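Structural description and commentary
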Amino acid sequence: MWNIRNVLLASAALRAGMLFYGLYQDAHSSLKYTDVDYYVFTDAARYVAAGQSPYDRETYRYTPLLAWLLVPTTFQPQWLWFSFGKLLFAAGDLVAGWLIYSVLRTSYGGMEKARALRFAGIWLLNPMVATISTRGSSEGLLGVMVVALVWAALKRRAVLTGVLLGLAVHFKIYPVIYGPAILWWMEGRGGSAGGNVGGSVGARMVGFVSWARLKFGVSALVTFVGLNVWMWNLYGSPFIDHTYAHHVTRLDHRHNFSPYNVLLYLTSAPAPPSPSGAQPPAQFAYASVAFLPQLFLSGVLLPLAFAKWDLPTTLFAQTFAFVTFNKVCTSQYFMWYIVLLPFYLPTSSLLQRPWLGLAALVAWVATQGAWLHQGYELEFLGKSTFFPGLWASSLAFFAVNVWLLGIIILDVKDRRAEKQEGKKDN
């Protein structure tokens, strides 16, 4: 009998099996199972345990909260405690899955148990999700925050929603795109979903302001600023430089599916010296402005178009757009939208037209596999596959994701039209 308890147990067993397999692979293979980021996390935790800054560990680009959470990995014996963080991240997967099930059952659609379990299983029983968490990626913790944010918003708990958003943005920057969507969705004065009060522009602006929106905005701002002031007080400017400023100018090209990949690689190379000894001309900082189109699409256009009609599916569309157009896109980033997929999929054309869903899945996996093949030859075999292999596979994967984004936007648009018609009928 499948129920939420049994699905959670199966999910835990899947992660336990992969964790033990990872220990075996790490001990017997030159190709390690543990993600390199996990070594960065645990090294930073060692610095914290010694009373030093986590930013003394080169390439640590995260909130100190993560290093604090992983301090137990420094305990002895090391063979027993080193995997504590992986267990923590896997537990985050389970909590996020339980929250997905809870939202589907109660706050969003009121699904019957069996159907809600199937969609929650997209996250809980997904081997890709389990692999990423047991390799040592912290995305499971972020998944808990994001789904809890959806739950709190749908429950109309404005202060809790704001606190969760502030915490999530402190943990990873990208959830900031959810702020405009939640503000636009929240009920305005007089019960208007968007606060659209007739009259002048001034009247509309006044109508937009509501007690719920004020509580949400203030609690989000206080949480985010409070955490940042606390961390800055402890660690100073390295906290700002590594946790936030770094992401504007970062030039990561390894493991990067983005079409910016080759450009970032070329930009990261030092300029050749001029024969005359003159200073080479400065290059335009593409990396510093690459985020502008993605923020405009995911943080402005999509929320304004759809958020007040369907918040969870809008958050999914925003996240998918953000990852698709991000200048750095690794496998971990796919977790950002997969955790929201169960809210979009039930009414999507990908399920209503199975051939379309199958074609989309095959195209997404095939183009990702083509990139991974080129990336493996580059990073492990030392072959120069930048052009045309890596470049072409990046463009193909990007094209598939843009096509999928178009399908998602059309589906959310159709859902908005259905709700508008229902509102008229009422």
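The residue numbers shown here count from 1 along each chain, following its written sequence. pLDDT decides what is reported in this predicted model: residues at 70 or higher carry local features, side-chain atom pairs at 80 or more are listed and counted, and totals for whole chains, interfaces and linings draw on all residues regardless. For side-chain calculations, the full set of non-hydrogen atoms in the structure is used, while hydrogens and water are omitted.

Moving on, we get to unusual backbone geometry. Of note, the amide linkage connecting glutamine 76 to proline 77 takes the cis form, showing an omega dihedral of 0°. The omega torsion across phenylalanine 387 and proline 388 is 5°, close enough to zero to call that bond cis. Even without a glycine there, the phi angle at threonine 59 is positive, about 75°. Numbered from the N terminus, helices here are DSSP runs of H or I no shorter than four residues, and strands are runs of E no shorter than two. Looking at the element boundaries, threonine 59 is found in the loop between α2 (36–49) and α3 (64–69). Burial classification: accessible surface area is computed with a 1.4 Å probe over protein chains only, and a residue below 20% of its type maximum counts as buried, one above 50% as exposed, and the rest as partly exposed. The class for threonine 59 is partly exposed, based on a relative accessible area of 36%.

Every definition here rests on a 1 Å grid over the protein atoms only: cavities are sets of points where a 1.4 Å probe fits but cannot get out, pockets are open sets enclosed by protein on both sides within 12 Å along at least five of seven lines, and lining residues have some atom within 4 Å of a point. Grid points are joined across faces, edges and corners, and a volume is the space filled by probe spheres set on the points. Of the volumes computed, that of the second largest pocket is approximately 580 Å³. Lining the second largest pocket are 20 residues, and of these Leu341, Leu345, Leu350, Leu361 and Trp364 sit closest to its centre. Three residue categories are used. Nonpolar comprises Ala, Val, Leu, Ile, Met, Phe, Trp, Tyr, Cys and Pro, charged comprises Asp, Glu, Lys and Arg, and polar comprises the others, including Gly. Residue composition of the lining of the second largest pocket, grouped by class: 18 nonpolar, two polar and no charged.

With that out of the way, let us pick up the UniProt feature "transmembrane region" (unreviewed entry) in the protein chain. UniProt positions are given in the numbering used here, feature names are shortened, and annotations may be inferred rather than shown by experiment. The UniProt record marks residues 7–24, 79–104, 163–186, 216–235, 284–307, 319–343, 355–374 and 386–410 with the feature "transmembrane region" (unreviewed entry), using the residue numbering of this structure. With 92% helix and 0% strand, residues 79–104 has end C-alpha atoms that lie 40 Å from one another. Across residues 386–410, helical content stands at 100% and strand content at 0%; the span's end C-alpha atoms are separated by 34 Å.

To continue, consider the packing of aromatic side chains. Here is the rule: rings of Phe, Tyr and Trp (six-membered ring for Trp) pair when centre to centre is within 6.5 Å. Planes less than 30 degrees apart are stacked, more than 60 are edge-to-face, and the remainder are tilted. Under the counting rule described, the total for this entry stands at 32 aromatic pairs. Aromatic pair phenylalanine 257 and tryptophan 371: ring centres 4.5 Å apart, planes at 40°, arrangement tilted. Here phenylalanine 257 is found in the loop between α13 (237–249) and α14 (261–268), whereas its partner tryptophan 371 is found in helix α21 (residues 354–379), with 114 residues between them in sequence. Since its relative accessible area comes to 3%, tryptophan 371 is described here as buried. Both rings, one in phenylalanine 322 and one in tryptophan 336, keep their centres 6.4 Å apart while their planes meet at 40°; by these two values the pair is tilted. Here the residue phenylalanine 322 occupies a position in helix α17 (residues 311–325), and tryptophan 336 occupies one in helix α18 (residues 331–338), the gap between them amounting to 14 residues. Across the pair, tryptophan 336 and phenylalanine 322 agree in class, each one buried. Taken together, the aromatic side chains of Tyr38, Tyr39, Phe41, Tyr55, Tyr60, Tyr62, Phe82, Phe89 and Tyr235 make up a single cluster linked through ring pairs. Note that lysine 86 overlies the ring of tyrosine 38, its terminal NZ or CZ placed 5.5 Å from the centroid. In this scheme, the term charge over a ring applies when either NZ of a lysine or CZ of an arginine sits within 6 Å of the ring centre and within 35 degrees of the ring normal.

Let us look at a nonpolar patch on the surface. A contiguous nonpolar patch, built from Leu31, Tyr376, Phe380 and Leu381 and spanning about 410 Å² of accessible area, is present on the exposed surface. Structurally, phenylalanine 380 is set in the loop between α21 and α22 (386–425). The exposed category is assigned to phenylalanine 380, whose relative accessible area is 51%. Residues enter patches when they are more than 30% accessible in relative terms and free of salt bridges; like-charged ones are connected within 9 Å and nonpolar ones (Val, Leu, Ile, Met, Phe, Trp, Tyr) within 5 Å. Shrake-Rupley sampling with a 1.4 Å probe provides the accessible areas, and residues are treated as covered by the protein chains on show and by no other component. Any carboxyl oxygen of Asp or Glu within 4 Å of a side-chain nitrogen of Lys or Arg constitutes a salt bridge here.

Okay, the nonpolar core next. Nine residue types can take part in a nonpolar core, namely buried Ala, Val, Leu, Ile, Met, Phe, Trp, Tyr and Cys, and a core is a set of them joined through side-chain atoms within 4.5 Å. The biggest cluster of nonpolar side chains holds 110 residues, and the ones touching the most others in it are Tyr60, Leu66, Trp123, Tyr178, Phe334, Leu340 and Phe343. It is helix α8 (residues 139–154) that provides the largest number of residues to this core, a total of twelve residues. Sequence-distant contacts of tyrosine 178, that is, excluding residues within four places in its chain, are made with Val146, Leu149, Leu165, Leu315, Gln318, Thr319 and Leu340. Any two residues having at least one pair of non-hydrogen atoms within 4.5 Å are treated as being in contact.

Our next topic: the packing of helix α9 (residues 158–171) against helix α12 (residues 211–235). Where α9 contacts α12, the two axes come as close as 7 Å, and the packing angle between them is 35°. For the crossing formed where α9 meets α12, the hand is right-handed. Here α9 contributes Ala158, Val159, Thr161, Gly162, Val163, Leu165, Gly166, Leu167, Val169 and His170 to the contact with α12, which in turn contributes Ala212, Lys215, Phe216, Ser219, Ala220, Thr223, Phe224, Leu227, Asn228 and Met231. Grouping the constituent residues of the contact of α9 with α12 by class yields twelve nonpolar, seven polar and one charged. Angular values range over 0 to 180 degrees, each being the angle between N-to-C directions of two axes fitted as lines to C-alpha atoms, with helices fitted over their stretch in contact. For a crossing to be left-handed, the near helix must be turned anticlockwise from the far one by less than a right angle; the clockwise case is right-handed.

Turning to the confidence of the model for the protein chain, a few remarks are in order. Interpretation of this model should avoid reading the predicted coordinates in detail wherever pLDDT is low. Scored from 0 to 100, pLDDT records how confident the predictor is in each individual residue. Per-residue pLDDT for the protein chain has a mean of 88; in total, 87% of the residues score no lower than 70. pLDDT under 50 marks residues 188–197. Its contacts with residues more than four places away, or in other chains, come to 29 contacts.

Quick look at the side chain of threonine 63 now. Considering the arrangement of structural elements, one finds threonine 63 in the loop between α2 and α3. For threonine 63, a relative accessible area of 1% translates into the label buried. In contact with threonine 63, other than residues within four places in its own chain, are Tyr55, His170, Phe171 and Thr243.

Summed over all chains, the structure comprises three cavities of 30 Å³ or more. Taken as a whole, the largest cavity spans an internal volume of roughly 80 Å³. Lining the largest cavity are 13 residues, with Val323, Thr324, Cys329, Phe397 and Asn401 positioned closest to its centre. Sorting the residues of the lining of the largest cavity by element identifies α17, α18 and α22 as the ones contributing at least two each. It is α22 that contributes the most residues to the lining of the largest cavity, four residues altogether. Residue classes in the lining of the largest cavity are distributed as eight nonpolar, five polar and no charged.

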